[in-house]
Amino acid sequence: MAILLPAKTKYRKVQKGRVYGNAKRGSALAFGDFGIQVMERGKITAAQLEAARVAINRHLKRKGKMWMRVFPQKPITKKPAETRMGKGKGNVEYWVAVAKPGAILFELAGISLAIAREAMSLADRKLGLRCRFLSREALTQRF
């Protein structure tokens, strides 16, 4: 299992920051007919994203096409256990993608509604945040 991380970053470590507001971009289906949208704000680890991606691909069995719309670009640092305060910032432990409500995580195309719904349900269980299933048909029928 290949871990997701950026090839190159401007800075090795970043400040924690806070996750405010809703997704400004990436909140509409752009590529596929079905998607999974985040309902809560928080951080999704690279391991969670990879597990969700693998779950989707295993369920699709090489049918259809999948797009991953988010990428873990933020490094999270951690100090070793039983270390005294001070002495600088810890080493990078893992990478996260900052998720705001409304952001689309994965998109699917070229498969039936039932298969897409089940694949996204499997992916949803791997993620730490509440998500909902979107389909292009349902979005066009609503308006």
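See the structure shown above.
The structure displayed is predicted, hence computed values, not measured ones.

Visitor: Summarise the overall build of the protein; cite the residues concerned and give the values.
Guide: Regarding its fold elements, the protein presents three helices and seven strands. Mapped from its N terminus to its C terminus, the protein presents α and β elements in the order β-β-α-β-β-β-β-α-β-α. For the protein, the spread of C-alpha atoms along the three principal axes comes to 55 × 35 × 25 Å. In the protein, which comprises 143 residues, the proportion classed as buried is 35%. A total of about 9,700 Å² of accessible surface is found on the protein, and carbon and sulfur atoms cover 51% of it. The centroid of the 31 positive side-chain charges in the protein is displaced by 9 Å from the centroid of its 9 negative side-chain charges.

Visitor: Tell me about the packing of helix H1 (residues 46-60) against helix H2 (residues 113-126), residues and numbers included.
Guide: Two elements in contact, H1 and H2, have axes separated by 8 Å at closest approach and are oriented at 155°. Overall, the two elements H1 and H2 adopt an arrangement that is roughly antiparallel. The hand of the H1/H2 crossing is right-handed. Across from Gln48, Ala51, Ala52, Ala55, Ile56, His59 and Leu60 in H1, the residues of H2 making contact are Ile115, Glu118, Ala119, Met120, Leu122, Ala123 and Lys126. Residues that form the contact of H1 with H2 fall into these classes: 10 nonpolar, two polar and two charged.

Visitor: Summarise the sheet that holds strand S4 (residues 74-78); cite the residues concerned and give the values.
Guide: Sheet architecture is open: three strands sit in the order S2-S5-S4, paired in antiparallel fashion. With one partner strand each, in any of the chains shown, strand S2 (42-45) and S4 form the two edges of the open sheet. When the angles between neighbouring strand axes are averaged without regard to direction, this sheet yields 50°. Relative to strand S5 (residues 91-99), S2 is paired through four bridges, and the arrangement is antiparallel. By the bridge assignment, Gly42 is partnered in S5 with Ala99.

Visitor: Could you give an account of the packing of aromatic side chains, with specific residues and numbers?
Guide: What the rule picks out here adds up to two aromatic pairs. Where Phe31 meets Trp67, the ring centres are 5.7 Å apart and the plane angle is 20°; that geometry is what we call stacked. Separated by 36 residues along the polypeptide, Phe31 in the segment before strand S1 (34-38) and Trp67 in strand S3 (residues 65-68) bring together distant segments of the chain. Among the residues examined, Trp67 registers a relative accessible area of 22% and is labelled partly exposed. Look at Phe34 and Phe133: their rings are 5.9 Å apart centre to centre, the planes differ by 20°, and that puts the pair in the stacked class.

Visitor: Before we move on, could you go through the environment of Leu127 and cite the residues and values that matter?
Guide: Residue placement: Leu127 occurs in the loop between H2 and strand S7 (131-135). In the structure, Leu127 is positioned 90 residues away from Gln37 in sequence and 11 Å away in space, judged by C-alpha atoms.

Visitor: With reference to specific residues and values, describe the layout of surface pockets.
Guide: Each pocket or cavity is described by its volume, and for the largest pocket that value is around 180 Å³. Surrounding the largest pocket, Asn22, Ala23, Lys24, Arg25, Gly26, Arg69, Val70, Val98, Lys100, Ala103 and Ile104 form its lining. When grouped by side-chain class, the residues that make up the lining of the largest pocket number five nonpolar, two polar and four charged. Here the second largest pocket is characterised by a volume of approximately 150 Å³. As for the second largest pocket, its lining consists of Val14, Gln15, Lys16, Lys43, Lys74, Pro75, Ile76, Thr77 and Lys89. It is S4 that provides the largest number of residues to the lining of the second largest pocket, a total of four residues. Here the lining of the second largest pocket is built from residues that sort into three nonpolar, two polar and four charged.

Analysis parameters
- Residues numbered from 1 in each chain as written.
- Predicted model: local features only at pLDDT ≥ 70, side-chain atom pairs only at ≥ 80, totals over all residues.
- Heavy atoms only, no water.
- Helix = DSSP H or I, 4+ residues; strand = E, 2+ residues; numbered from the N terminus.
- Buried < 20%, exposed > 50% of the residue type's maximum accessible area, 1.4 Å probe, protein only.
- Areas by Shrake-Rupley, 256 points an atom, 1.4 Å probe, with all protein chains shown as cover.
- Lys, Arg positive; Asp, Glu negative; His and termini not counted.
- Charge placed at Lys NZ, Arg CZ, Asp CG, Glu CD.
- Axes fitted to C-alpha atoms, helices over the stretch in contact; angles between N-to-C directions.
- Parallel < 35°, antiparallel > 145°, perpendicular 65-115°, else oblique.
- Left-handed = near helix turned anticlockwise from the far one by under 90°.
- Contact = heavy atoms within 4.5 Å.
- Nonpolar A, V, L, I, M, F, W, Y, C, P; charged D, E, K, R; others polar.
- Pairing = 2+ DSSP bridges.
- Phe/Tyr/Trp six-rings, centres within 6.5 Å; stacked < 30°, edge-to-face > 60°.
- 1 Å grid on protein atoms, 1.4 Å probe; cavity = no way out; pocket = protein on both sides within 12 Å on 5 of 7 lines; lining within 4 Å.
- Points joined across faces, edges and corners; volume = space filled by probe spheres on them.

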